[in-house]
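An overview of the molecular structure
The residues making up each chain are set out below.
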Amino acid sequence: QMAIQNLGGAVVYAEHEGDIYMAVVHDIFGHWTLSKGKIPEGDIRAGTVAKVKEEMGIDVEIREDLGNNEYIASDPELGKIRKQVHYFLAESKFDELHIAKKPGLDDAKWFRLADILELNFYNDIVPIVTKAITILSSKK
């Protein structure tokens, strides 16, 4: 009977000088991961757009639905909780990223699509990232 927390997240991409780039955030545990955040009741798409803006300082437009994943996390007040994340593919301009001053994150960067799978990702988001890369590669 764990508490469930709903989140929205995005694989953010931009085209720049003929290449496709993905924007990812880096956490204090040494992993690159996707921008995401708690979504209050309401439109998960609009909530995800707002969370990406808050976390990376860029505007995005949702392009495709990438699906869901779930993981268990520890909350200081609630104990163990199930985090259910709905991910989208979202397009942005290739703008400078500004990482939010929030606990757990220490960087945000753009990486060329060709280099993205070399990064240290959490295992549970690799299928989401791989699906996004497949979609984006077919656009080139």
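No experiment lies behind these values; they were computed from the predicted model shown.

So, on to helix α2 (residues 126–139). Its 14 residues place the ends of α2 20 Å apart at the C-alpha level, agreeing with the 20 Å of an ideal helix rising 1.5 Å per residue. If you follow the buried residues of α2, they end up packed against β1 (3–16), β2 (19–27), β5 (60–75) and β6 (79–92).

Per the stated rule, a full pass over the model turns up 8 salt bridges. Asp19 is the partner of Arg112 in a salt bridge, and the nearest nitrogen-oxygen pair spans 3.9 Å. Residue Arg112 is located in strand β7 (residues 105–112), and its partner Asp19 is located in strand β2; the two are separated by 93 residues in the primary sequence. Among the residues examined, Arg112 registers a relative accessible area of 34% and is labelled partly exposed. The exposure class assigned to Asp19 is partly exposed, which follows from its relative accessible area of 25%. With its nearest N and O atoms 3.9 Å apart, the salt bridge here joins Asp107 to Lys109. The network of salt bridges with common partners includes Asp19, Arg112 and Asp115.

What follows deals with the confidence of the model for the protein chain. In the predicted model, the protein chain carries a mean pLDDT of 92, and the fraction of residues at 70 or more is 99%. Of all the helices and strands in the protein chain, strand β4 (residues 35–38) carries the lowest mean pLDDT, 91, while β2 carries the highest, 96.

Our next topic: the pairing of β5. With 14 bridges connecting them, β5 and β6 associate as antiparallel partners. Paired with Asp75 across the two strands is Gly79, which belongs to β6. Between β5 and the antiparallel strand that follows it, β6, lie 3 residues.

Okay, the pairing of β2 next. Counting buried residues along β2, 8 of its 9 residues qualify, which places the element largely inside the surrounding structure. Two elements, β1 and β2, share 5 bridges in a ladder whose sense is antiparallel. The residue of β2 that forms the bridge with Ala14 is Tyr21. Bridge count between β2 and β7: 7 bridges; the pairing is antiparallel. When the bridges of β7 are listed, Met22 appears paired with Phe111. Strand direction decides the pairing type here: β2 and strand β3 (residues 32–33), joined by 2 bridges, are antiparallel. Bridge assignment links His26 to a residue of β3, and that residue is Trp32. Taking the residues between adjacent antiparallel strands as the criterion, β2 and β3 are bridged by 4 residues, where Gly30 takes a positive phi near 90°.

What follows deals with helix α1 (residues 44–56). With 13 residues, α1 extends 18 Å between its outermost C-alpha atoms, agreeing within 8% with the 18 Å of an ideal straight helix rising 1.5 Å per residue. Of all the residues in α1, the buried ones are Gly47, Thr48, Lys51, Val52, Glu55 and Met56. All buried residues of α1 project into a common sector of 135° when viewed along the axis, lining one side. Where α1 is buried, its residues touch β1, β2, β4, β5, β6 and β7. Sitting at the head of α1, Asp43 places a side-chain oxygen 2.9 Å from the backbone nitrogen of Arg45. A positive backbone phi angle near 75° is found at Gly57, which sits one or two residues after α1.

Conventions adopted
- Residues numbered from 1 in each chain as written.
- Predicted model: local features only at pLDDT ≥ 70, side-chain atom pairs only at ≥ 80, totals over all residues.
- Heavy atoms only, no water.
- Helix = DSSP H or I, 4+ residues; strand = E, 2+ residues; numbered from the N terminus.
- Expected span 1.5 Å × (residues − 1).
- Contact = heavy atoms within 4.5 Å.
- Salt bridge = Lys/Arg side-chain N within 4 Å of Asp/Glu carboxyl O.
- Buried < 20%, exposed > 50% of the residue type's maximum accessible area, 1.4 Å probe, protein only.
- pLDDT = per-residue confidence, 0-100.
- Pairing = 2+ DSSP bridges.
- Arc of directions from axis to C-beta.
- Polar contact = N/O pair within 3.5 Å; in protein donor to acceptor, adjacent residues only side chain to side chain.

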